[in-house]
Structures are given as C-alpha cells and as structure tokens.
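# Structural characterization, general
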Amino acid sequence: MIDLKLPDGKVINIEKGATVLDAAQKIGPGLAKAALAGKINGHLIDLRAPVNESASLEIVTGKSPEAPEVFRHSMAHIMAEAILQLFPEAQFGIGPAIENGFYYDFLLPRALTTEDLETVEEKMKEVIAKRLPFVRREVSKEEALKMFKELNQPFKLELIEELEDQTITVYSQGKFVDLCRGPHVPDSGAVKNFKLLSIAGAYWRGDEKRPMLQRIYGTAFASKEELKEHLDRLEEAKKRDHRKLGKELDLFSTQEEVGPGLVFWHPNGARIRHTIETFWKEMHYKNGYELMYTPHIGQSWLWETSGHLDFYKESMYSPMEIDGSDYFIKPMNCPFHIMIYKSKVRSYRDLPLRWAELGTVYRYEKSGVLHGLLRVRGFTQDDAHIICTPEQIEDEIREVLRFSLSLWKAFGFSSIKAYLATRPAKAVGDENRWNQAIEALNRAVVAEGLDCEVDDGGGAFYGPKIDLKIKDAIGREWQMTTIQFDFNLPERFDMTYVGSDGNRHRPYMVHRALLGSIERFFGVLIEHYGGAMPVWLAPVQARVLPISDRQADYARLVQKQMREAGIRVELDDRSDKIGYRVRQAQLEKVPFMIILGEQECESSTVTVRLRNGDNLNQVKLEDFIREQEWKKTSA
RNA sequence: GCCGGCGUAGCUCAAUUGGCAGAGCAGCUGACUUGUAAUCAGCAGGUUGCGGGUUCGAGUCCCAUCGUCGGCUCCA
C-alpha cells in the first residue's frame with residue numbers, strides 16, 4: 001500500500017500500481033466521473049497511469065486550471081484522427097494546446113477550404129461519440145522509428161530522432177497514433193465543447209525554408225457556457241476591430257496607390273491624435289523632459305556607426321543619393337539624439353538628460369505582417385532617451401516606470417503587467433553594468449507594486465529591458481511600453497561626460513517608448529473603447545441639435561458658449577427630423593447631444609442626451625459645462 | 001517574403017450553369033418644420049483593383065500583378 005496526499009491534506013491509501021482513476025474512485029464516484037487527468041507531485045499524468053510510490057495527488061477535473069491544456073491537447077488528437085479519416089495519406093506535424101484552444105499542422109494532398117472545417121467538425125463529433133480510449137504506450141526509440149516509418153510520418157520521425165530519451169511514449173485513439181508525452185483525457189468522449197475556427201499556412205517548425213503545412217485552429221472549453229462566452233468574445237473583438245471602426249468613424253485610412261503600411265490620419269483621427277500628443281507633451285515637460293525634433297534622414301556614416309547597417313539593414317529603406325552621399329530614412333531616433341548629446345562637452349552636472357521626441361520613423365516590414373494600425377511601415381514613436389550617471393540610474397528607472405503608469409491611467413488602462421528580460425548569452429557591455437541595470441529595473445517594478453514575469457536571458461544583446469503589457473477592456477494583452485538599457489550605442493558613438501574627478505566617463509543610456517507608437521496606440525485605444533472615445537479625446541465632444549428652425553438662434557448661442565469654453569462642439573441644424581440627427585450623432589459616438597426645443601428655449605436650459613441613451617433634462621448650460629471633464633489636465 | 005481566402009458605386013452587399021452590372025445607405029435637388037437610433041420624392045453615381053488570356057460573349061474560367069484578410073516568420 002502507498003499513501004497519497006490530497007490537496008485538502010487528507011491522505012488515502014491505495015495499492016501500489018493502482019491507477020489515478022482508482023484513487024479518484026476511492027475519494028468519490030462523482031469525482032471519478034468528472035476526472036480528466038491526475039497530477040502526481042505536480043506533474044500531469046493520465047487517469048489510467050499507475051501510481052507506484054507515495055506522493056501528493058490531485059485529480060484534474062474540468063474545473064481545474066490544468067484541465068484546458070489536457071483536453072485541448074486531446075482535442076487536437078481527435079481533430080488529427082478526423083483528418084486521417086478524410087485524408088488517409090495525411091502527414092502530421094505538431095498539434096499542441098494553446099491559449100483558448102488548440103491547433104494541428106498537416107501536410108495534405110490539397111488545400112483545405114472553409115467548407116472542409118465543417119466536414120472535419122462532423123467527423124470529430126463522430127469520433128467523440130465513439131468514446132475511443134486514449135491509449136498510452138511506451139516503446140523503445142527504435143520501435144518508435146519503425147512504427148512511424150511504417151505510418152509514413154516523416155515529420156514525426158524527425159521529432160523522434162531528436163529526442164534524447166530512449167523510451168518514447170505514443171498515444172493512440174482509434175486509428176490515429178501520435179508521438180506524444182501526454183497526458184490525455186481518458187477517452188474521446190470526455191470533452192465535446194469545441195469549434196474549429198480557421199485554416200492557415202504554417203511552416204514546419206516555423207522555418208520558412210521548410211515545407212508549408214496547413215494548420216487548423218480550434219477552440220475548446222470544459223463547458224458549453226464557457227465556449228459560448230469565448231465565441232462571443234471573438235465576436236466582440238470583431239466589432240471593436242480598429243480597422244472597421246476607423247472606416248466607420250472616418251478616423252484613418254491606408255491607400256493602395258500610396259503604399260501599404262502608410263497611415264493617413266483623417267480629420268477625426270487627427271483631432272484625437274492632436275489631443276493625445278498635446279497631453280503627452282505637457283506630461284513630459286511636467287516630468288522633467290525636454291522635447292526635441294530631429295531630421296528624417298541621415299548619412300550612412302550615422303548608421304554605420306550605430307551598427308544599424310550591420311544588423312538592421314533588411315528593415316531599412318534603401319538609401320537615396322544626395323550630392324554623392326548615401327542618405328537613409330531613419331528607422332530609429334537614437335542616433336540623432338546622440339548627435340545632439342555629442343554636440344558639446346557634457347558634464348556630470350548636466351545629467352540626467354531626459355530627451356523626448358515624437359519621432360516618425362520608417363521600417364521595411366514584410367508585406368505579410370502589415371496589420372491595420374498595429375503593424376505599419378511608417379510610424380511615430382513616443383521616444384525618449386535618458387542619459388545619466390551610474391548613481392542616477394535607479395531613480396531614473398523608477399521615475400520612468402511611475403511616469404508610464406500615470407500615462408496609462410490617464411488613458412483609461414489600469415491592468416498592467418511587467419516583463420523583465422535579462423542578459424542573453426551573447427551580450428555587449430560589462431557584467432557589472434548589466435547587473436546594476438537589472439537591479440534597478442527589478443527594484444522599480446517592486447516599488448510600483450507591479451506583477452512581473454522574468455524572461456531569463458531574453459534581453460537584447462545590448463541591454464536588459466522591461467516591457468509593460470496592458471490589458472484592454474475585453475481582457476486582451478498588448479505589449480506597449482518598453483524601457484530598454486543600451487550598453488552598445490554609448491560605446492559606438494563614444495559618448496562621454498566629465499565627472500567630478502575631471503575624467504571622462506561613459507554615461508548610461510536608456511531608450512524608452514511609453515505608448516510605443518502613436519499609430520499602434522491609437523489602434524489599441526480604438527479597440528479598448530470600441531470607438532466611443534472618452535470625452536476628453538472625442539473628436540466631436542458635443543453636437544447641438546435644435547428641434548426645428550425656431551430654435552436656431554438659441555442653438556447658435558449655445559454653440560458659441562460651448563466653443564468659448566474650449567469644447568469641440570458642432571451644430572446640426574439640418575431640416576431632418578430630430579430622430580434622424582440623434583441617430584447620426586449616436587452612430588458617430590458623439591458623447592453629448594445637446595437637444596434644444598421649445599421648452600429649453602423658454603427656460604434657457606439644455607437637455608443633454610448621453611451616448612448610453614440617458615438624458616440630463618433641462619439643465620443649466622454652465623452647470624453642464626462645469627461638471628464634465630472636457631480636457632485632461634496633466635497631473 | 002511564404003501558404004490560403006477575398007477584391008463589384010463613397011460604404012454594406014446582390015448578380016442562375018459564362019448571357020443587358022443591381023439594391024440599400026451615403027451624395028446632390030426639392031418638399032416636409034419636426035421632441036431623442038432612419039420623412040418623402042426625384043437625380044446622379046461603374047473600364048467589376050490593375051494587366052494579359054480562353055470564348056461568339058467574362059464580374060463569373062485561366063495566368064500574372066497589386067491590395068487586403070487569416071496565419072507562418074520577423075520584431076537588432
């Protein structure tokens with residue numbers, strides 16, 4: 001007999017070699033029925049796996065946090081079996097569980113269509129109905145190689161050959177056999193709430209030189225309700241798509257005749273951008289930054305010195321020749337800021353320098369990766385460089401982080417997580433500096449009470465960094481802020497300052513972009529608010545709607561007063577019915593509709609319709625103006 | 001860049017097996033003077049992304065190209 005310690009502290013005894021399912025049975029038949037897998041000493045294992053020694057045991061049910069990974073992975077196998085039935089000659093790549101779902105990569109004799117998804121789904125339902133057991137087997141490496149050779153599965157052979165272990169586990173259900181570590185649900189009937197979502201091309205092992213496989217993405221959840229919730233979320237995301245809203249609200253466009261990835265800001269979008277940038281500039285001045293403007297192009301010397309022409313050239317636009325010299329359009333602002341730094345001798349008394357610029361850069365992005373405002377070829381970074389002494393670095397980092405958080409709060413984002421990336425194997429800069437930098441980043445995160453994940457060795461070769469990911473209104477994470485040390489450029493450009501000892505020293509340099517780029521930020525902002533911008537950002541904050549011509553004079557007076565109060569206000573006195581004009585303002589997501597009829601005219605008041613349909617009935621205009629936040633003041 | 005889908009009026013979308021390119025909204029003109037998400041009538045709007053080809057005939061089929069969408073990859 002062996003002891004199994006349960007999560008609640010209780011200990012049960014089972015026979016050595018009994019299965020997890022036996023143990024679950026012993027705890028309770030209800031639990032055994034709901035069980036999907038087990039967890040022995042923290043490791044996920046099959047329900048039918050034998051337990052040979054005393055350990056801690058947890059039964060994984062549909063409600064466990066580990067469950068989705070297990071049943072989604074099983075779902076991928078079920079899909080693979082469906083594909084095998086439809087295409088007996090199919091070759092299989094990999095099929096893992098992913099966030100919210102699963103996928104599997106196949107090499108098939110023909111391209112799949114969206115109709116095929118339904119066929120595959122039907123087949124999967126058949127497989128599920130059969131409740132085929134997932135059978136785990138351990139075989140020797142040679143045996144495995146022989147097995148998958150017979151099955152004509154070259155991708156699997158490649159994977160097996162790379163495995164170090166001499167014992168290989170394979171899982172099978174029905175006719176489908178797969179190389180797999182497991183665990184899986186006990187049988188194919190254990191999970192049925194799924195939907196196939198899309199087909200996509202995917203290179204074998206992500207390598208563009210290897211064959212392109214066809215990937216099917218699907219989603220699966222423990223309950224019908226959760227599945228529906230997820231599908232609704234996808235639907236909601238579609239509604240909020242910034243490309244759709246950008247067109248509907250006339251915010252921006254890209255134009256085929258001009259070039260992909262180049263953004264046109266229409267008047268409405270430009271209004272919002274202007275408001276964002278004005279606020280951003282005020283905030284920077286208040287937080288001790290200086291603002292700068294630098295050129296858009298520079299001679300090749302600059303990019304040779306910075307190293308960009310060595311390792312970033314494929315992302316840069318080709319040079320243009322001017323008076324016999326090559327000029328490149330800038331993909332980054334840093335070399336220009338450095339040139340300002342180097343324009344005179346700097347003393348330790350001048351530091352820290354906080355230099356910011358809304359700098360527009362151009363990068364060549366592969367055509368296939370362009371995406372609305374989120375991935376473009378020309379964009380404006382809200383860039384800054386902090387140049388300081390070693391003694392100042394800690395305070396500076398803390399300050400940047402604090403500043404960043406205050407900016408996010410102002411724009412209505414509160415859920416933020418930090419990701420710290422440390423020194424990779426190949427890196428420049430001496431280790432002391434790296435350590436000091438990482439320390440500073442670490443302490444700043446702690447001081448601000450941020451959740452932080454550490455990516456050990458995930459930093460760039462030139463320095464460690466902190467990225468901030470923000471969560472939007474429907475729970476999606478976006479990587480926006482980056483705070484990045486650079487031990488490379490100060491060396492390459494030989495940046496120095498004169499210390500109190502009269503000697504020259506190398507300053508620290510930190511790149512940081514808080515919003516990231518204005519374009520990308522705008523895209524995220526649109527999706528976060530579903531196009532209904534908060535009042536201070538709305539391109540049109542209020543629209544005055546007189547019921548008939550008889551209120552025309554009063555309407556003009558109201559408009560004038562609001563305009564003089566600094567409000568972006570429009571008058572819509574067209575001879576259409578009020579319902580029509582309300583509808584239009586509503587579709588344009590104007591925050592306030594100022595309705596003026598006979599009654600308002602007589603009582604010298606206004607009635608305000610809000611975007612949510614609520615009314616402020618016959619209020620005094622001054623009171624209404626006073627009570628709203630028309631402009632965000634930089635705190 | 002690669003794999004696959006899509007591209008018809010400013011927008012959203014129709015157009016049997018290849019057989020006269022159409023509707024709603026938006027726009028313009030006029031009437032209506034209106035109380036909270038669409039008043040009515042009329043007018044105008046197109047080289048079906050661009051270029052080739054097959055065919056008596058192409059929005060529809062084929063090739064190429066551009067753009068876009070879903071992914072892969074990249075994001076020093």
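Above this note sits the structure.
Described below are features of the structure shown in this document. This one's a predicted model, so the numbers in the text were calculated from it and none came from an experiment. (Residues numbered from 1 in each chain as written. Chains lettered and ligands numbered in written order. Predicted model: local features only at pLDDT ≥ 70, side-chain atom pairs only at ≥ 80, totals over all residues. Heavy atoms only, no water.)

With antiparallel pairing, the three strands of this open sheet are ordered in space as β9-β10-β11. Both outer strands of the open sheet, β9 (135–140) and β11 (176–179), are each paired with one neighbouring strand and no more. Geometrically, the sheet is characterised by an average inter-axis angle of 30 degrees between neighbouring strands, direction not taken into account. Alignment of strand β10 (residues 167–173) against β11, held across four bridges, turns out to be antiparallel. The residue of β11 that forms the bridge with Y171 is D178. (Pairing = 2+ DSSP bridges. Helix = DSSP H or I, 4+ residues; strand = E, 2+ residues; numbered from the N terminus. Axes fitted to C-alpha atoms, helices over the stretch in contact; angles between N-to-C directions.)

What follows concerns the side chain of R346. Locating R346 in the fold gives a position in the loop between α12 (334–341) and β20 (353–362). The charged side chain of R346 is buried without a salt bridge, its nearest counter-charge being D350 at 5.0 Å. With residues up to four places along the chain from it excluded, the contact list for R346 reads I340, Y341, L353, W355, T496, Y497 and V498. (Buried < 20%, exposed > 50% of the residue type's maximum accessible area, 1.4 Å probe, protein only. Lys, Arg positive; Asp, Glu negative; His and termini not counted. Salt bridge = Lys/Arg side-chain N within 4 Å of Asp/Glu carboxyl O. Contact = heavy atoms within 4.5 Å.)

Turning our attention to the layout of surface pockets. Rolled over the atoms, a probe as big as a water molecule pinpoints where empty space is left. In this structure, the largest pocket occupies an estimated 960 Å³ of space. Lining of the largest pocket is provided by 33 residues; of these, M332, R363, Q381, T482 and Q484 occupy positions nearest its centre. If you list the elements that add at least two residues to the lining of the largest pocket, you get α11 (308–311), β21 (378–388), β24 (465–471), β25 (477–485) and β28 (508–517). At five residues, the largest contribution of residues to the lining of the largest pocket is made by β28. Of the domains in this structure, domain 3 (272–293 + 338–529) and domain 4 (295–329) are the two that each give at least three residues to the lining of the largest pocket. The space that makes up the second largest pocket amounts to roughly 590 Å³. Forming the walls of the second largest pocket are 23 residues, and the residues nearest its centre are H73, L179, C180, R181 and G182. At the level of secondary structure, the elements contributing two or more residues to the lining of the second largest pocket comprise α3 (67–86), α6 (154–162), β10 and β11. With four residues, the top contributor of residues to the lining of the second largest pocket is α3. (1 Å grid on protein atoms, 1.4 Å probe; cavity = no way out; pocket = protein on both sides within 12 Å on 5 of 7 lines; lining within 4 Å. Points joined across faces, edges and corners; volume = space filled by probe spheres on them. Domains from an automatic or database assignment.)

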